[in-house]
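# Residue-level structure breakdown
This is what each chain is made of:
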Amino acid sequence: MELDEPELREVPVTAVLGALADDVRLQIVRALAEGGEQACGTFEFGVSKATRSHHLKVLRAAGLTRTRVAGTSRLVRLRREELDRLYPGLLDAVLSRDTTPAKRA
C-alpha cells in the first residue's frame, strides 16, 4: 500500500507551520524527535483513534513525517534531515520552546 507523501520542497511553508501549530501534532512531532520511528497506535495523547489518525495524516500531508507500512502496522518517522535542510533551525526552535499556554492569573 502506497501512502501519499509529498516532496517537502513542494509543500508551502504555511502548511508546515500550520501542521506544527496544533498541540497534539506538536506532541507527536516531539515524540518522534525523541524516540525515532514509532507505530501509529503508540501515540496516546488523550484523543480518539480517528482524531489521532487525522493528526498523523495532516503531518504526513505537510511533509513532516513519513509512514512505512509493515504488515498490519504503520510506522511513522520524522523527516528530520529533509526538514533541517529545507528549513534550517525550524524544528530546533519549535521543539526547544515550551509551547504550553501560560496560565492567566
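A brief structural summary. Since the structure is predicted, the reported quantities are computational estimates derived from the model, not experimental observations. (Residues numbered from 1 in each chain as written. Predicted model: local features only at pLDDT ≥ 70, side-chain atom pairs only at ≥ 80, totals over all residues. Heavy atoms only, no water.)

Glancing now at helix α3 (residues 49–61). Taking 1.5 Å per residue as the helical rise, α3 with its 13 residues ought to reach 18 Å, and the 18 Å between its terminal C-alpha atoms agrees with that figure. Among all positions in α3, only Arg-52, His-55, Leu-56, Leu-59 and Arg-60 are buried. Down the axis, α3 shows its buried residues gathered within 140° of arc, on one side only. Residues of α3 that are exposed and point over 90 degrees away from its buried face: Ala-50, Lys-57 and Ala-61. Two residues or fewer past α3, Gly-63 is found with a positive phi of approximately 80°. (Helix = DSSP H or I, 4+ residues; strand = E, 2+ residues; numbered from the N terminus. Expected span 1.5 Å × (residues − 1). Buried < 20%, exposed > 50% of the residue type's maximum accessible area, 1.4 Å probe, protein only. Arc of directions from axis to C-beta.)

Summed over the entire model, instances satisfying the criterion amount to 8 salt bridges. Its salt-bridge partner being Arg-80, residue Asp-84 comes within 3.0 Å of it at the nearest N-O pair. Of this pair, Asp-84 and Arg-80 are both found in helix α4 (residues 80–86), 4 residues apart, which corresponds to roughly one turn of the helix. With its nearest N and O atoms 2.3 Å apart, the salt bridge here joins Arg-80 to Asp-92. (Salt bridge = Lys/Arg side-chain N within 4 Å of Asp/Glu carboxyl O.)

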